[in-house]
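Take a look at the letters that make up each chain.
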Amino acid sequence: MHRLELQDISKRYPAVRANDRVSLRVAPGEIHAVLGENGAGKSTLMKIIYGAVQPDEGRILWEGREVAIASPQEARRLGISMVYQHFSLFEALTAAENVWLGLEKSIPLADVTRRIAEMSRVYGLDVDPQRPVHTLSVGERQRVEIVRALLARPRLLILDEPTSVLTPQAVEPLFATLRQLAAEGCSILYISHKLDEIRTLCHHCTVLRGGRVTGEVDPAAETNASLSRLMIGAEPPQLRHAAATPGAPAIEVRGLGLARADRFGVDLADIAFEVREREILGVAGVSGNGQQELLAALSGEDTRAAPEAIRLFGHPVGRHPPRRRRARGLHFIPEERLGRGAVPALSLAQNTLLTRTEPVARHGWIRVTRAAELAQALIRRFNVKAGGPDAPAESLSGGNLQKFLVGREIDAGPRALVVAQPTWGVDVGAAAQIRGELLALRDAGAAVLVVSEDLDELFEICDRLVVIARGRVSPSLATAAATPEKIGEWMSGMWETPPPDAREVAGA
Amino acid sequence: MPRLETRPAPSRAFAVASPLIALALTVACGIALFALLGKDPARGLSMFFVEPFRGAYGISEIAVKATPLMLIGLGLAVCFRANVWNIGAEGQYILGAIAASGVAMQAGPGTGRWIVVALLLAGVAGGMAWAALVAFLRDRMNANEVLVSLMLVYVAEQLLGWLVYGPWKDPQGYNFPQTITFLDPTKIPRLVAGLRVHAGFVVALLAVAACWLFLFRFRAGFALQVGGLAPAAARYAGFSSRAALWTALLVSGGAAGLAGAFEVAGPLGQLTPYVPAGYGFAAIIVAYVGRLHPVGIAFSALLMSLFYIGGELAQSRLGLPKSLTGVFQGLLLFSLLACDTLIHYRVRWRAALPSRAAPAQAGSRP
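Keep in mind the model is a prediction, meaning the values are calculated, not measured.

### Quick look at the overall build of chain B
The secondary structure content of chain B amounts to 13 helices and two strands. For chain B, whose C-alpha radius of gyration is 23 Å, the value lies close to the compact-globule estimate of 21 Å for 366 residues. Counting only C-alpha atoms, chain B reaches 85 × 60 × 35 Å along its principal axes. Looking at chain B as a whole, 46% of its 366 residues qualify as buried. Across chain B, the fraction of contacts at a sequence separation of at least 24, relative to all contacts at a separation of at least 6, is 77%.

### Re the overall build of chain A
Scanning chain A for helices and strands turns up 17 helices and 21 strands. Taking 508 residues into account, the globule formula puts the C-alpha radius of gyration at 23 Å, and chain A, at 23 Å, falls close to it. Dimensions of chain A along its principal axes, counting C-alpha atoms only, are 70 × 55 × 45 Å. For chain A, with 508 residues in total, the buried portion stands at 51%. Taking as baseline every contact in chain A between residues at least 6 positions apart, the subset at least 24 positions apart corresponds to 66%.

### Structural notes on the interface of chain B and chain A
Counting residues at the interface gives 21 residues for chain B, matched by 32 residues for chain A. Among the elements of the structure, α8 (219-229) and α9 (231-237) of chain B are those that each provide at least two residues to the side of chain B that touches chain A. When its residues are assigned to classes, the side of chain B that touches chain A shows 16 nonpolar, two polar and three charged.

### Looking at the sheet that holds strand β11 (residues 249-258) of chain A
Residues and elements named next belong to chain A. Overall, antiparallel pairing links the four strands, which are arranged β12-β11-β14-β15 in an open sheet. Across the chains shown, the open sheet's two edge strands, defined by having one partner strand only, are β12 (268-276) and β15 (315-316). Judged from the two bridges that link them, strand β14 (residues 310-312) and β15 form a sheet pairing that is antiparallel. Within β15, the residue paired with Arg311 across the bridge is Pro316.

### A short note on helix α10 (residues 241-268) of chain B
Residues and elements named next belong to chain B. Compared with an ideal rise of 1.5 Å per residue, which puts 28 residues at 40 Å, α10 spans 39 Å between its outermost C-alpha atoms and is within 8% of the ideal. Counting buried residues in α10 gives 22 out of 28 residues, a clear majority hidden from the surface. Downstream of α10 by a residue or two, Gly269 has a phi angle that is positive, lying close to 80 degrees.

### Brief notes about helix α8 (residues 224-232) of chain A
All names here are of chain A. Looking only at α8, the buried set comprises Leu227, Ser228, Leu230, Met231 and Ile232. Buried residues along α8 cover an arc of 165 degrees about the axis, so they all sit on one side. Residues of α8 that are buried sit in contact with β3 (31-35), α7 (195-201), β9 (204-209), β10 (212-217) and α14 (428-443). Backbone geometry just after α8 places Gly233 at a positive phi near 80 degrees.

### Looking at the domain arrangement of chain A
Many authors give the size of an interface as the accessible area that is lost as the parts come together. Annotation of chain A at the domain level lists domain 1 (4-232), domain 2 (241-329 + 415-508) and domain 3 (338-412). The centre of domain 1 of chain A, based on its C-alpha atoms, is set 31 Å off from the matching centre of domain 2 of chain A.

### Some words on the confidence of the model for chain B
In the predicted model, chain B carries a mean pLDDT of 90, and 95% of its residues have values of at least 70. Counting contacts from residues 351-366 of chain B, a segment whose pLDDT is below 50, to residues more than four positions away or on other chains yields 17 contacts.

### Brief notes about the packing of helix α4 (residues 89-104) of chain B against α10(B)
Residues and elements named next belong to chain B. Following both chains from N to C, one finds α4 and α10 inclined at 50 degrees, their axes separated by 6 Å at the closest point. By the criterion of interaxial angle, the relationship of α4 to α10 is oblique. Crossing geometry of α4 relative to α10 is assigned as right-handed. Between α4 and α10, the residues in contact are Ala89, Gln92, Tyr93, Ile94, Leu95, Gly96, Ala97, Ala99, Ala100, Ser101 and Ala104 and Ser252, Gly253, Ala256, Gly257, Leu258, Ala259, Gly260, Ala261, Glu263, Val264 and Ala265, respectively. Looking at the contact of α4 with α10 residue by residue, the classes come out as 14 nonpolar, seven polar and one charged.

### A word on the pairing of strand β19 (residues 464-469) of chain A
All names here are of chain A. Counted residue by residue, β19 has six buried out of six residues, so it is predominantly covered. A two-sided burial pattern is seen for β19, the buried positions comprising Arg464, Val466 and Ile468 on one face and Leu465, Val467 and Ala469 on the other. Examined bridge by bridge, strand β13 (residues 279-284) and β19 share four bridges and lie parallel to one another. Opposite Leu281, over in β19, you have Arg464 as the bridge partner. Sheet topology places β19 next to strand β20 (residues 472-473); two bridges connect them, and they run antiparallel. Paired with Ile468 across the two strands is Val473, which belongs to β20.

### Overview of the environment of A:Val473
Residue and element names in this part refer to chain A. Examined against the element boundaries, Val473 turns out to sit in strand β20. What makes Val473 buried here is the crowd of 23 C-beta atoms within 10 Å. A sequence separation of 17 residues divides Val473 from Trp490, and the C-alpha atoms of the two residues are 9.7 Å apart.

### Things to note about the sheet that holds β9(A)
Residues and elements named next belong to chain A. One open sheet holds the six strands; their spatial order is β6-β7-β8-β3-β9-β10, and the pairing between them is mixed. Of all the strands in the sheet, the pair left with one neighbour each is β6 (80-83) and β10. This sheet shows a mean twist of 20 degrees between the axes of neighbouring strands, independent of strand direction. Where α8 meets the sheet, its contacts fall on β3, β9 and β10, and the angle it forms with β9 comes to roughly 40 degrees.

### Some thoughts on the environment of A:Ala183
By the element assignment, A:Ala183 lies in helix α6 (residues 168-183). Sequence spacing of A:Ala183 and A:Trp490 is 307 residues, and the spatial spacing of their C-alpha atoms is 33 Å.

### What about unusual backbone geometry?
Keep in mind that most residues, glycine aside, have a negative phi and that most peptide bonds are trans. All names here are of chain A. For Glu63, which is not a glycine, the phi torsion comes out positive at approximately 50 degrees. Inspection of the secondary structure puts Glu63 in the loop between β4 (57-62) and β5 (65-67). Given 15 C-beta atoms within 10 Å, Glu63 falls into the partly exposed group. Phi is positive for Asp270, close to 50 degrees, though the residue is something other than glycine. Within the secondary structure layout, Asp270 lies in strand β12.

### Some words on the nonpolar core
Core analysis: the biggest nonpolar cluster contains 257 residues, and A:Ile158, A:Val450, B:Ile72 and B:Ala100 have the highest contact counts within it. Per-element tally for this core: the top contributor is α10(B), with 14 residues. Those residues in contact with B:Ala100 that lie beyond four places of it in its chain are B:Leu119, B:Leu120, B:Ala122, B:Gly123, B:Gly260, B:Ala261, B:Val264 and B:Ala265.

### Re the packing of helix α11 (residues 279-289) of chain B against helix α12 (residues 294-318) of chain B
Residue and element names in this part refer to chain B. One can describe the packing of α11 onto α12 by two numbers: an axis separation of 8 Å at closest approach and a directional angle of 135 degrees. Taken together, α11 and α12 sit at an angle that is classed as oblique. Taken as a pair, α11 and α12 cross one another with a handedness that is right-handed. Here Ala282, Ile285, Val286, Ala287 and Val289 of α11 lie close against α12, whose contacting residues are Ile297, Ser300, Ala301 and Met304.

Analysis parameters
Residues numbered from 1 in each chain as written. Chains lettered and ligands numbered in written order. Predicted model: local features only at pLDDT ≥ 70, side-chain atom pairs only at ≥ 80, totals over all residues. Helix = DSSP H or I, 4+ residues; strand = E, 2+ residues; numbered from the N terminus. Rg over C-alpha atoms; globule rule 2.2 N^0.38 Å. Buried ≥ 20, exposed ≤ 12 C-beta atoms within 10 Å, placed from the backbone. Contact = placed C-beta atoms within 7 Å. Nonpolar A, V, L, I, M, F, W, Y, C, P; charged D, E, K, R; others polar. Pairing = 2+ DSSP bridges. Expected span 1.5 Å × (residues − 1). Arc of directions from axis to C-beta. Domains from an automatic or database assignment. pLDDT = per-residue confidence, 0-100. Axes fitted to C-alpha atoms, helices over the stretch in contact; angles between N-to-C directions. Parallel < 35°, antiparallel > 145°, perpendicular 65-115°, else oblique. Left-handed = near helix turned anticlockwise from the far one by under 90°. Core = buried A, V, L, I, M, F, W, Y, C linked by C-beta atoms within 7 Å.

This is the structure:
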């Protein structure tokens, strides 16, 4: 008997057929991968299983019995837990309170807090239960979600891209946890586009493309290329990382120290690095180690830095607001696309006005047709799937919005670009395209700084790497001389010349 | 059990239909209300929706009352779009009226018509100054602008009272609390001889266009709205939140002050304790019923003005309480907010679906 069986599930939305007669069977204790690009229908399918969306057609069998899962509460009652890719946490509440909301009301909050701490220790998921969610980084929020799901002791656990924010060292313990859960009889639905992970972890793999099942395979017997063909109908384009000689320093950071702006932030201490023209510098590290603070200081959203601490092409800009830095050629692509990189309710054309000045004439007069033309040009050049320049930013999928935002900044012809998590939650094809664009920008002579938690990505495109840990930045290392193991070690704050408080960091 | 379900995309049809349904609901409630009060509902409704349009005088009166509502509502729309909650337009309106009166009282028999421009500018300055207090306290002391602006309304009323009972009282006014009747050169030009509708109505219509241009064609207006919609995006873009705060409050204060100036130098012709007629608060409803859009506000100001006149007619001809006006205005806002839910949600009449749901159901009527 199968733990879960889906028979011919279909779901239509006004504009799109999200699932088209999808069938899937998960055995008890099986780790079952669902592989597909963004927009392939994975998320809709998972929401149907989790009761958040009702199918138009098809049957769901849970342990051999036909069920109608009307709501997530009902799914949880059956023993289904889910870790969403886009988090469903209340910003104003603490991690523990958020977890508490999903549990039976009879359990006291103190118990929940203790169980979170315990769960964090057992599964190596570093979560401080007392911190309000709005102060957590994306990676930390995901860990809260995973802990929340595990606390319900599920018989089917659905994980949506769970490793995207973990260090390489943390992936293996998570896999060990998942294997342990599976050995205990818990079934796992593992959604990912990381082919290596699926091949090492999963027992079975269902591939979706355009809402239909295009393959059911044993991933261990497949190659990355064959999985990729099933997923996108082609092999992913190969990136060409041409050798280049870096030019003059573009972004120079010297002795940058900043006290945290809120009490859950990270203090930056004595940060020094430089990014030269015609090179990509990668900043590796687990989120919540000062990336947000460093990025805000670089972009000009935080202007508290000493003027000399940040130099742009030789000019001290530590106190300059974003627009003056942009005028000097520094553009920035933030990690949060909706709400920071773009205004959700405004159209793509209007969103060009956040960082682009071409559609603005004298006295601030907005040339509306220019803005629309610019948006249309970006849509075409960067292959964005959107309803047109008038489509609201929130109507785009994560990957397409990211292509648009990356396009908006690259098309501005920046001399220096700072980008955070360029391909987080973006599908394989779009990620390859974005990385290709970053490389092209570097080859054209720009300085690029990439902050990412995806080590594969950093190794793929960067010329040099630094690691950020507890508000400090390591010395740089040529990518060719670095190994994931070494970078992973540095991520816990241990590099050759240990900072004064290295002992404390290592013991934490 | 009916329940609400999020629509995949906001419904355009309901965005248009919602104000109309809200108006229909308001009328329905009105009919019930008239019936309960023992009046003929048809006659009651005609006081609100037919009688005001009888003749040029009625139409002129609609325009007279719509003028301050439109001006203040436009300013508030700018404020609310910037996420700045100016609830004290009434106070800014009073200060505009006071400042304009101060200028008007300087006129002598030989004063030129230029004084109209001077008193209007004084009105704008007065409203701006009152709003600037709110901006300053929020900017420097992080004081909540809702409370500060609201409390300044009462301060403004006291200031007005002190002036008309004290230093500005007309010596020949039989001790009534009022200023002198302003001299002719200070009068706002009327549009049609014999009717009270004045140049302020034209200015209000021009303000609709100006407000539209500011919000949708100038970067300053755009930046202000980004700050209201997504503060993090405004910081990212480098739009100053302080500039947005000051701009929003100065624009809405200035607009309210201008409305006050038009009122004292137009239909009233003198400063009295009855200058604050609640336009500053009613304009909040005007702004929302008009969906914070300048053109919508032009229409909603006319509609609200209709309610004022209907209320007066219902009082004088049917002997109904004048507070009916407020009831109607409140009902309209209330039903509009309720109907707006249907833009983002649809009603489903069945709680749980069977596992084999009919595919046609999504399109079926509730």
